[in-house]
Amino acid sequence: MIRKKLNVYKSYFPREQREYVEVDCNHIDDQVYKRTRVFLPTLARACLISTFLEDGIRMWVQWSQQSEYMNMSWGCGYFLATVFVLVNMVGQIGGCVMVLTQKQVPIACGVLFFIVVLQTFAYSILWDIQFLLRNLALIGALLLVVAESHVEARSLFAGVPTLGDNKPKNYLQLAGRCLLAFMFVTLIRFEVSFLQIVQDILGSVLMVLVTIGYKTKLSALILVFFLTILNFYHNAWWQIPEHKPLRDFLKYDFFQTLSVVGGLLMIVLLGPGGVSMDEHKKRW
């Protein structure tokens, strides 16, 4: 009986319409992308550079405090401490402007990458595993921005034949996906509660799917909503009074997580790339 109904269904719809129905049912992420493609690239870039922009502005607002902290931590003198703050401020704000305006994006990402490495050593983040993993996730998000610039550069010469796939872009996307996974390692908490266990399992499964590139866009889209909710719940820095140090810590975590959300939006925008199970499944 079921087989007869299936045959009736197939005979009712022409082959082209049946294929459209199957694609429409199986690619919800593509439908979301079509509805948001006008503003999705700008939103992804804005979220991604948010932590750099916030930190650059903080360097300007807290100029004397930052210089004094570096001088006390390293004993490098006021001049070198001031140079450090100036490099961080100009590099981050300038890099953010270049990314948002799509001007020399690889150079801008290289500057922001340099800032991440510089701060990793200057603030001794190298020995703090949680901050180190988050910085690695941030680097992964930057790699996805570079991959997007490769896509746009290639589209300028759409009529010119190319040899093979765009391998640099594929490897950048692979590295970006793998590094983004480190953010969820820092979110795993070994607490005996039902909600926390569900959060750990769901987040881990989705991140593994994004890393290996299986159902990548849909998994990344779910992670965007999941991570955004967690970010606003756990890192509500605006609820903390300004004089408390906890406010700055939560603010730092909030914008770093928001940058990783931007990286996930880049995955929704670009797809998994050539080195992924989704691409392998297409070829197979």
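The text that follows walks through the structure, step by step, so that each part is easy to find. (Residues numbered from 1 in each chain as written. Predicted model: local features only at pLDDT ≥ 70, side-chain atom pairs only at ≥ 80, totals over all residues. Heavy atoms only, no water.)

Details of helix H12 (residues 245–270)
Here H12 contains 26 residues, and its C-alpha end-to-end distance of 38 Å stays within 8% of the 38 Å for a straight helix at 1.5 Å per residue. Of all the 26 residues making up H12, 19 are buried; the element is thus mostly covered by neighbouring parts of the structure. Gly271 lies just past H12 and shows a positive phi near 90 degrees. (Helix = DSSP H or I, 4+ residues; strand = E, 2+ residues; numbered from the N terminus. Expected span 1.5 Å × (residues − 1). Buried < 20%, exposed > 50% of the residue type's maximum accessible area, 1.4 Å probe, protein only.)

Examining the packing of aromatic side chains
If you walk through the whole model with that rule in mind, you get 9 aromatic pairs. With a centroid separation of 5.9 Å and 75 degrees between ring planes, the pair formed by Phe84 and Tyr123 is classed as edge-to-face. Placement of Phe84 in helix H6 (residues 77–101) and of Tyr123 in the loop between helix H7 (105–122) and helix H8 (129–155) is noted, with a sequence separation of 39 residues between them. Here Tyr123 falls in the partly exposed class, since its relative accessible area comes to 24%. The rings of Phe232, Trp237, Trp238, Phe254 and Phe255 are connected pair by pair, giving a single aromatic cluster. Sitting over the ring of Trp237, Lys251 keeps its end group 4.8 Å from the ring centre. (Phe/Tyr/Trp six-rings, centres within 6.5 Å; stacked < 30°, edge-to-face > 60°. Lys NZ or Arg CZ within 6 Å of the ring centre and 35° of its normal.)

Notes on the environment of Val85
Along the chain, Val85 falls in helix H6. Its relative accessible area of 0% is what places Val85 among the buried residues. For the pair Val85 and Gln66, spaced 19 residues apart in sequence, the C-alpha separation works out to 6.8 Å. Beyond its immediate stretch of four places on either side in the chain, Val85 contacts Met59, Trp63, Gln66 and Ser67. (Contact = heavy atoms within 4.5 Å.)

Side note on the packing of helix H10 (residues 194–212) against helix H11 (residues 216–234)
The N-to-C vectors of H10 and H11 enclose an angle of 140 degrees; their axes lie 9 Å apart at closest approach. It follows that H10 is oblique to H11 by the angle criterion. Along this stretch, H10 crosses H11, giving a crossing that reads as left-handed. Every residue of H11 that contacts H10 at Gln199, Leu202, Gly203, Leu206, Met207, Leu209 and Val210 is listed here: Thr216, Ser219, Ala220, Ile222, Leu223, Phe226, Leu230 and His234. Its residues placed into classes, the contact of H10 with H11 shows 10 nonpolar, 5 polar and no charged. (Axes fitted to C-alpha atoms, helices over the stretch in contact; angles between N-to-C directions. Parallel < 35°, antiparallel > 145°, perpendicular 65-115°, else oblique. Left-handed = near helix turned anticlockwise from the far one by under 90°. Nonpolar A, V, L, I, M, F, W, Y, C, P; charged D, E, K, R; others polar.)

A short note on the side chain of Gln119
Along the chain, Gln119 turns up in helix H7. Classification of Gln119 by relative accessible area gives buried; the value is 13%. Polar contacts involving the side chain of Gln119 include one to the side chain of Asn88, which spans 2.7 Å. For Gln119, the residues in contact, after removing those within four places along its chain, are Asp55, Met59, Asn88, Gln92, Ser124 and Ile125. (Polar contact = N/O pair within 3.5 Å; in protein donor to acceptor, adjacent residues only side chain to side chain.)

Quick word on a nonpolar patch on the surface
Nonpolar side chains collect at one region of the surface, where Phe79, Leu80, Val83, Val87 and Phe114 lie side by side and expose about 480 Å² of accessible area between them. Per-element tally for the nonpolar patch: the top contributor is H6, with 4 residues. Checked against the element boundaries, Val87 lands in helix H6. When its relative accessible area of 33% is taken as the criterion, Val87 is described as partly exposed. (Patch = residues over 30% accessible without salt bridge, like charges linked within 9 Å, V, L, I, M, F, W, Y side chains within 5 Å. Areas by Shrake-Rupley, 256 points an atom, 1.4 Å probe, with all protein chains shown as cover. Salt bridge = Lys/Arg side-chain N within 4 Å of Asp/Glu carboxyl O.)

Topic: the side chain of Thr216
Mapped onto the fold, Thr216 is located in helix H11. For Thr216, a relative accessible area of 0% gives the class buried. A polar contact of 3.1 Å, which involves the side chain of Thr216, links it to the backbone oxygen of Gly213. If we ignore the near neighbours within four places in the chain, the residues touching Thr216 are Arg177, Val210, Ile267, Pro272 and Asp278.

As for the pattern of salt bridges
Counted under the stated rule, the structure contains 4 salt bridges. Glu54 serves as the salt-bridge partner of Arg58, at 3.9 Å between the closest nitrogen and oxygen. On the criterion of helical spacing, the pair formed by Arg58 and Glu54 is a turn pair, its members being 4 residues apart in helix H4 (residues 40–61). Residue classification places Arg58 among the partly exposed residues on the basis of a relative accessible area of 22%. Owing to a relative accessible area of 13%, Glu54 belongs among the buried residues under this scheme. With a closest N to O distance of 2.9 Å, Arg134 and Asp253 form a salt bridge.

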